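Chain and residue survey
Spelled out from the first residue to the last, the chains are:
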Amino acid sequence: MNRPRPALFRHPCSRTLVLGAGLVLAGCASVPPYQPPTSPTPQAYKEAPVAGALWLPAVPADTLDRGAWWTLFGDLDLDRLAARVEVSNQTVAAAVAAYAQARTLVHEQRAGLLPSLGLSASARRSGGSGSGSNASSGSSLQAGLDASWEPDLWGRLRGGVDAAGASAQASAADLAAARLSAQGQLATAYFSLREADAEIALLQSTVEGYERAFQITQNRYAAGVVARTDVLQAQTQLANTRASLASLRGQRGRHEHAIAVLVGEAPGDFALAPAAWRDVAATIPLGVPSLLLQRRPDIASAERAVAAANAQIGIQRSAYFPSLALSGSVGRGGSRVSDLFGASGALWSLGVSVAQTLFDAGATRARVEGAEAGRDAAVARYRQTVLGAFQSVEDQLSTLRAAAEQEVFQREASAAADAIEMQTLNRYRAGQLGYTDVVTAQVSALNARRALLQLALARQVAAVSLIQALGGGWQGASSIETP
């Protein structure tokens, strides 16, 4: 005995809807599950090991607040300039616009998941000349609403949304990277300018001393106490130091121009007054590598690129399955405007279309394999980015450690050179040495003083680079103090 079918399955459209629902449930199979990529990871930083440092799965935390890291250096001028980078730097502004554009693409992809609705209207008048039926003429009016929807049976549209979302998140990470890069460039240029100020002050003082020495040597030559070669040597030393001073002023100007561009100003409208060099040892939170390296924007961007590439595989796999489109319309028609409002003028239609590619000579398979290769390439780029991040941190930690050791010896060398300079001058005045020995001692002492300033700059720049390598910020991490 045959049982009657439930009413739900009697109508052809109902059966189609049930079939479509089943296909929707099966559609998830075309989208591969996303697994965050892994990479080789050490237990701790080699150059600055942290006890108990354990690595965690890759979960980018680049959206966390990084804070005003430049305040670690305690320089009010730097704080003021860094704040201007956020609002005036044009590279950052371009990254902001790129992120906004990426977000609009997400909205566009999401719109494809929903039905579309349109309004249509048409008017037509036809007729002919002659007699009989050929001479008839008439008007046709029609207005209605049209709707269409393509159910996302195999995850193609959802994959597009996922890919666009991952790309937008990568764009957000790129924006954070642009900010961090601009801030790091500003800090480096600022410290370079302040170190140039310190060297300029040192050379100005040295030039004044050499000018006095030159005058004294001229007087002694006029009195017949020394030879003319002493005068020439003093003059040469003074001219060389003045040339070095002019070169330093040119370097300072270039640093000032770079700062102007970084804060969004024309170099001709920007000036930064000289100030004393502040050799501040910044306390930089180092912490667990797995926590801080996740904060690097470039790692976050690379991981999101893997997610976007993974979504592309699902998009390409959906081509193996048929596509379904539903359409419908409702409206009014007639020969007069009044007919559009009559019950007899009602029009409606429903439609279902299914399309399936039967043979494409392996094109779909090639696109799927290409998407899989693209994901593998994105994973490799992610791992290379992580390894490069590890290297950057280790390099800067090594630089800071070496600079601390170097500073001890450099201070000893500078103190010894100052003592030699003083003794040599005294012995020259006593007639025990020639002026060549004085010049040699003075050049050595000046070079040692300048080397100390340049070493302090190298430490500050390495500290900035370390902060950038750590992702620019931190919360709840242990600290190290730059020497």
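The structure displayed is predicted, hence computed values, not measured ones. (Residues numbered from 1 in each chain as written. Predicted model: local features only at pLDDT ≥ 70, side-chain atom pairs only at ≥ 80, totals over all residues. Heavy atoms only, no water.)

As for the overall build of the protein chain
Cut-off, in case you're wondering: Strands here mean DSSP runs of E at least two residues long; helices mean DSSP runs of H or I at least four residues long; both are numbered from the N terminus. Accessible area is worked out with a 1.4 Å probe on protein chains only. A residue is then buried under 20% of its type maximum, exposed over 50%, and partly exposed in between. For this analysis, residues touch if any pair of their heavy atoms sits within 4.5 Å. Per-residue and other accessible areas follow the Shrake-Rupley method at a 1.4 Å probe size, with only the shown protein chains counted as cover for residues.
Counting its regular elements, the protein chain contains 9 helices and 6 strands. The buried share of the protein chain, reckoned over its 483 residues, is 39%. When contacts within the protein chain are restricted to residue pairs at least 6 apart in sequence, those whose partners lie at least 24 apart make up 81%. Accessible surface for the protein chain amounts to roughly 26,000 Å². Of this, 57% is attributable to carbon and sulfur atoms.

Considerations on the environment of R84
Selection rule: Under the rule applied, a polar contact is a pair of N or O atoms within 3.5 Å (in protein, one hydrogen donor and one hydrogen acceptor; residues adjacent in sequence only if both atoms are side-chain atoms).
Mapped onto the elements, R84 comes out in helix α2 (residues 76-88). Placed 180 residues apart in sequence, R84 and G264 show a C-alpha to C-alpha distance of 8.0 Å. Once you skip the residues sitting within four places of it in the chain, R84 turns out to touch N89, V263, E265 and F270. A distance of 2.2 Å separates polar atoms of two side chains, one belonging to R84 and the other to E265.

Some remarks on the packing of helix α7 (residues 297-317) against helix α8 (residues 363-429)
Defined as follows: A fitted line through C-alpha atoms represents every axis, and for helices the fit uses only the stretch in contact; the resulting angles, taken between N-to-C directions, go from 0 to 180 degrees. The labels follow the angle: roughly parallel below 35 degrees, roughly antiparallel above 145, roughly perpendicular from 65 to 115, and oblique for the rest. In this count, Pro and Cys sit with the nonpolar residues alongside Ala, Val, Leu, Ile, Met, Phe, Trp and Tyr, while Asp, Glu, Lys and Arg are called charged and the others, Gly among them, polar.
Close contact between α7 and α8 brings their axes to 8 Å; oriented N to C, the two are set at 170°. By the angle between their directions, the pair α7 and α8 is classed as roughly antiparallel. Broken down by class, the residue content of the contact of α7 with α8 amounts to 13 nonpolar, 6 polar and 6 charged.

As for the nonpolar core
Applicable threshold: Side-chain atoms within 4.5 Å link the members of a nonpolar core, which is a set of buried Ala, Val, Leu, Ile, Met, Phe, Trp, Tyr and Cys residues.
One finds W69, F73, L81, L186, F191 and I259 to be the most contacted residues of the largest nonpolar core, which totals 62 residues. Elements with a contribution of two residues or more to this core: α2, α3 (90-111), α4 (156-222), α5 (228-262), α8 and α9 (435-469). It is α4 that provides the largest number of residues to this core, a total of 18 residues. If sequence neighbours within four positions are ignored, F73 has contacts with L78, F191, R278, V280, A282, Q460, A463, V464 and I467. Counting residues in each nonpolar core, the second largest holds 10 residues, with V306, A378, Y382 and V386 among its members.

Notes on the pattern of salt bridges
We count it as follows: We count a salt bridge whenever a side-chain nitrogen from Lys or Arg sits within 4 Å of a carboxyl oxygen from Asp or Glu.
As enumerated under the stated definition, the model contains 18 salt bridges in all. For R252, the salt bridge goes to D197, with nearest N and O atoms at 2.4 Å. Here R252, found in helix α5, pairs with D197, found in helix α4; they are 55 residues apart in sequence, far enough to count as distant. The buried category is assigned to R252, whose relative accessible area is 11%. Ionic contacts of the salt-bridge type, sharing partners, join the residues D77, R80, R194, D197, R252 and E256 into one network.

A look at the packing of aromatic side chains
Filter applied, for reference: Two aromatic rings from Phe, Tyr or Trp, using only the six-membered ring of Trp, form a pair when their centres are within 6.5 Å; if the ring planes differ by under 30 degrees the pair is stacked, by over 60 it is edge-to-face, and anything between is tilted.
Tallying each qualifying case throughout the model produces 4 aromatic pairs. Look at Y190 and F191: their rings are 5.9 Å apart centre to centre, the planes differ by 65°, and that puts the pair in the edge-to-face class. The two residues Y190 and F191 agree in class, both being buried. Pairing Y428 with Y435 gives two aromatic rings, centres 5.2 Å apart and planes at 70°, and the pair type is edge-to-face. Residue class for Y428 comes out buried when judged on its relative accessible area of 8%. Through a chain of ring-to-ring contacts, three or more aromatic side chains come together here, namely F73, Y190 and F191.

Brief notes about the confidence of the model for the protein chain
Definition in use: pLDDT: the predictor's confidence for each residue, scored from 0 to 100.
Here the protein chain averages 79 in pLDDT, and 77% of its residues register 70 or above. Considering each helix and strand of the protein chain separately, the mean pLDDT is smallest for strand β6 (residues 479-481), with a value of 42, and largest for α5, with 95. Scored below 50 in pLDDT, residues 49-65 makes 39 contacts in the model with residues more than four places away or belonging to other chains.

Section: unusual backbone geometry
The backbone of A361 shows a phi angle near 60°, a positive value even though the residue is not glycine. Position of A361 relative to the elements: it lies in the loop between β5 (346-355) and α8.

Brief notes about the packing of α4 against α9
Across the interface, α4 lies against α9 with an axial gap of 9 Å and an inter-helix angle of 170°. With respect to α9, the axis of α4 lies roughly antiparallel. Of the residues assigned to the contact of α4 with α9, the class counts are 15 nonpolar, 10 polar and 4 charged.

Re a nonpolar patch on the surface
What counts, and what does not: Patch membership requires more than 30% relative accessible area and the absence of a salt bridge. Residues of like charge join within 9 Å; the nonpolar side chains Val, Leu, Ile, Met, Phe, Trp and Tyr join within 5 Å.
Where nonpolar side chains cluster on the molecular surface, the patch consists of L117, L119, L145, V330, W348 and L350 and spans about 760 Å² of accessible area. Those elements that provide at least two residues to the nonpolar patch are β1 (116-126) and β5. Look at W348 and you get exposed, because its relative accessible area is 67%.

Concerning the side chain of E303
Within the fold, E303 resides in helix α7. Within the structure, E303 has its side chain in polar contact with the side chain of R304 (distance 2.8 Å).

Points about α3
Our working rule: Residue count minus one, scaled by 1.5 Å, sets the expected span of a helix. What the arc measures is the spread of directions leading from the helix axis to the C-beta atoms.
Between its terminal C-alpha atoms α3 stretches 32 Å, which fits the 32 Å expected from 22 residues at 1.5 Å a residue. When we look at burial in α3, the residues that qualify are V92, A95, A102 and V106. On an axial view of α3, the arc spanned by its buried residues comes to 75°, and they lie on one face. Away from the buried face of α3 by more than 90 degrees, exposed residues Q90, Q101 and E108 are located. Its buried side turned inward, α3 meets α2 and α4. Where α3 begins, the capping side chain belongs to N89, and its oxygen is found 3.0 Å from the backbone nitrogen of T91.

A few points about α2
With 13 residues, α2 extends 18 Å from end C-alpha to end C-alpha; this agrees with the ideal 18 Å at 1.5 Å per step. Against the buried residues of α2 lie α3, α4 and α5. N-cap assignment for α2: the residue whose side-chain oxygen lies 3.0 Å from the backbone N of D77 is D75.

So, the side chain of E195
So the rule is basically this: Charge counting follows a simple rule: Lys and Arg are positive, Asp and Glu are negative, and His as well as the terminal groups are ignored.
With respect to the helices and strands, the residue E195 is situated in helix α4. The buried charged residue E195 lacks any salt bridge partner; its closest oppositely charged side chain belongs to R450, at an N-O distance of 6.6 Å. Not counting residues within four places of it along the chain, the set of residues in contact with E195 comprises W277, L453, Q454 and L457.

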